[in-house]
Every structure is written in C-alpha cells, then in structure tokens.
Amino acid sequence: MDIRAVTTLASGRSAGLPGGFQAWEGGRLVGSLTLFAPLGHTAEVSAFVPTEHRRKGIFSALLAEAETACRGYGAKRLLFVCGGESADGQAVAARWGLALDHSEYVLVCKGPRPEGRKDPALGPAGPRDLEQVAALTGAAFSDSPAEALSMAEHTLSDPTRQCWGLWEGKNLLAVASVGPAAEGLSIYSVAVEPARQGQGLGRRLMAGLLAILPRDRALVVEVDSRNRPARALYAAFGFRETRRQDYFARGL
C-alpha cells in the first residue's frame, strides 16, 4: 500500500500542514483522509475507505501518517467529523475509544427567497480589517488572540470566501463569513460584539445577509446542538435542521 500526502486542497488548507493523505493499492485509490487546522492546536479529520477495502488497516495507516504530520505542525489533538446517523462512523469512534467532544446541527435554507431590504450598515470586511474581525470573533467565541487571528486570516485571505460586517462608522459591531458548501453557500463565524449582544444585531445581520446573497442558492449554517437561541434565530429565517455532525476527540 502506498500512502501519498495531498499537498493542496481547494481552500482552507493550513500552512505547513498537508491537506491530507491518500492510500493507493495496485493503481487504485482505496482510502483518503483530509485535514483542516485553522486554529493550529486542533486538526479536524475526515476520512473515507470504500466498503470493499475496509478492515485491511487502511484507515490505521492513513491516521498514522496524519498524526505524525499534525505533531510536527504543533497540533495537540484531532477532531474526527462523523455524521450523527452514520452507523459505520459511530462504530469506528467506539472501536478507537474516541470521546465525544460536541455535536452540531447542519441547517439549510433552500429554494428562492423573497427579496429583502438591504441594510446600509452592512458592508464587506477585507484584509485591512483583520484586527477588528479577529478581536470581535475572539471575544464572541472566547478564542485566544492567536486562534482568532488565525481563523480571520484564513477567511480574509481566501478568494472563495467573503466576510460581511455590520458597521457603526468605522466600528465593527457584528460579523459573518460566507464560503462555498456542497449544498450552496455556507454562513459561518457569525458573531456579535459581546457588549452589544441582546440588541437584535444578530437578527439584523442575518436579515442583511439574506437580502444580498444569491436568492437561488441554498444557504447552510452549522450550530452547536446546545445553542438553542441560535437555532431559534436561524429557524425564524427559514433554516431547517437536516442532519447532525458529531465531533470525536483524540489527543496527540
């Protein structure tokens, strides 16, 4: 079996870390594993081995290569992304003794939407706004300054992604990012300045985004299963829960 590093992915690849690994046997691709580590200390892992090639040690070989690469990169743990309804994925997590870290729901807003009212305070954020975006998201998500800066840099430097903010003069009050998703467009990293939370800025931000994003594209958000207020907010805008994703942790 030949394990090959994948050095590039379309977007979101972390500098210094391979995009993932592929397993080849007899000229056939028999397994793949992708890596994503925007925060540095944690790498997200997604892996796939076709049914006819399972129980041959392919996943173990891919994981060994990934762990070596992640240790060299400085990551402290891995998060395995597993569909909540995937019996195979859940079985792998149990067999490897992986602890459930958290779960997220994937919500999708499908079909053409009525034209909304554009919010004059909603505008794009660019590389020049890096420090403001990182400060706001770091405060909202309780990330360290380094983590928040890394995530903001990934978004603002990626040509396939956009960052939108609600502005009060030159001050950023709320922010959200938009990027590609399998279903259409993904809205992520939705954050409101902590001192201004509870003033309807999150609802206003979502309303403004839905008014400017293509109305014929499905929109996708992911929200922590425990975050009932956010789930209720998205439901009010027509988002419906379609599936659950579980994240299992493995220390390095």
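Conventions and cut-offs
- Sequence positions are assigned chain by chain, starting from 1 and proceeding in written order.
- In view of the model being predicted, local features appear only for residues whose pLDDT reaches at least 70, and side-chain atom pairs are presented and counted only at 80 or more, with totals across whole chains, interfaces and linings using the full set of residues.
- Note: side-chain values were computed over all heavy atoms of the structure, leaving out hydrogens and water.
- For helices the rule is a DSSP run of H or I covering at least 4 residues; for strands it is a run of E covering at least 2, with both sets numbered from the N terminus onward.
- What makes two residues a contact is simply this: any of their non-hydrogen atoms within 4.5 Å.
- Pairing of N or O atoms within 3.5 Å defines a polar contact, subject to two protein rules: one partner must be a possible hydrogen donor and the other a possible acceptor, and residues neighboring in sequence count only if both atoms are side-chain atoms.
- We define a nonpolar core as any set of buried Ala, Val, Leu, Ile, Met, Phe, Trp, Tyr and Cys residues linked to one another through side-chain atoms lying within 4.5 Å.
- Between buried and exposed lies partly exposed: a residue is buried under 20% and exposed over 50% of the maximum accessible area for its type, with that area taken using a 1.4 Å probe on protein chains only.
- For two strands to pair, DSSP has to find at least two bridges joining them.
- Handedness rule for crossovers: strands pointing away from the viewer, path from the first strand over the helix to the second running clockwise, crossover right-handed.
- Salt bridge, as used here, is a side-chain nitrogen of Lys or Arg placed within 4 Å of a carboxyl oxygen of Asp or Glu.

**Quick look at the environment of Q245**
Among the structural elements, Q245 can be located in strand β12 (residues 240-251). Beyond its immediate stretch of four places on either side in the chain, Q245 contacts V81, C82, G84, H102, S103, E104, V106 and E222. In this structure the side chain of Q245 is engaged in a polar contact, spanning 3.2 Å, whose partner is the side chain of Y247.

**A look at the nonpolar core**
In this structure, I187, M206, L209, L219, Y234 and F239 are the most contacted members of the largest nonpolar core, which totals 27 residues. For this core, the secondary-structure elements that each account for two or more residues are β6 (99-109), β8 (162-168), β9 (171-180), β10 (184-192), α5 (201-212), β11 (218-224) and α6 (228-236). Here this core takes five residues from α5, the largest share from any one element. For L219, the contacting residues outside a window of four places in its chain are L107, V108, C109, R113, L185, I187, L210, L213 and F239.

**Considering the pairing of strand β5 (residues 77-83)**
In regular strands, side chains alternate between the two faces of the sheet. Across four bridges, strand β4 (residues 42-48) lies against β5 in parallel orientation. Paired with E44 across the strands is L79, a residue of β5. In this region the chain leaves β4, passes through helix α1 (residues 58-73) and returns to the parallel neighbour β5; the handedness of that crossover is right-handed. Bridge count between β5 and β12: seven bridges; the pairing is antiparallel. Each bridged residue has a counterpart across the sheet, and for R77 the counterpart in β12 is G251.

**Considering the side chain of T42**
With respect to the helices and strands, T42 occurs in strand β4. T42 gets classed as buried once you look at its relative accessible area, which sits at 8%. Engagement of the side chain of T42 in a polar contact is seen with the side chain of H41, the distance being 2.7 Å. Polar side-chain contacts of T42 include one of 3.3 Å to the side chain of R77. Sequence-distant contacts of T42, defined by excluding residues within four places in its chain, comprise F36, A37, R77 and L79.

**Comments concerning the pattern of salt bridges**
Per the counting criterion, the structure on display carries twelve salt bridges. Ionic pairing is found between D101 and R77, a salt bridge with its closest N-O pair at 2.8 Å. Remark: R77 occurs in strand β5 and D101 occurs in strand β6; sequence separation between them is 24 residues. We classify D101 as partly exposed; its relative accessible area is 32%. For R77, a relative accessible area of 27% gives the class partly exposed. Residue D119 is joined to R204 by a salt bridge in which the shortest nitrogen-to-oxygen separation is 2.6 Å. Pair noted here: D119 is in the loop between β6 and β7 (122-124) and R204 is in helix α5, with a separation of 85 residues, a long-range link. D119 sits in the buried class, given a relative accessible area of 17%. Of the residues examined, R204 reaches a relative accessible area of 38% and is grouped as partly exposed.

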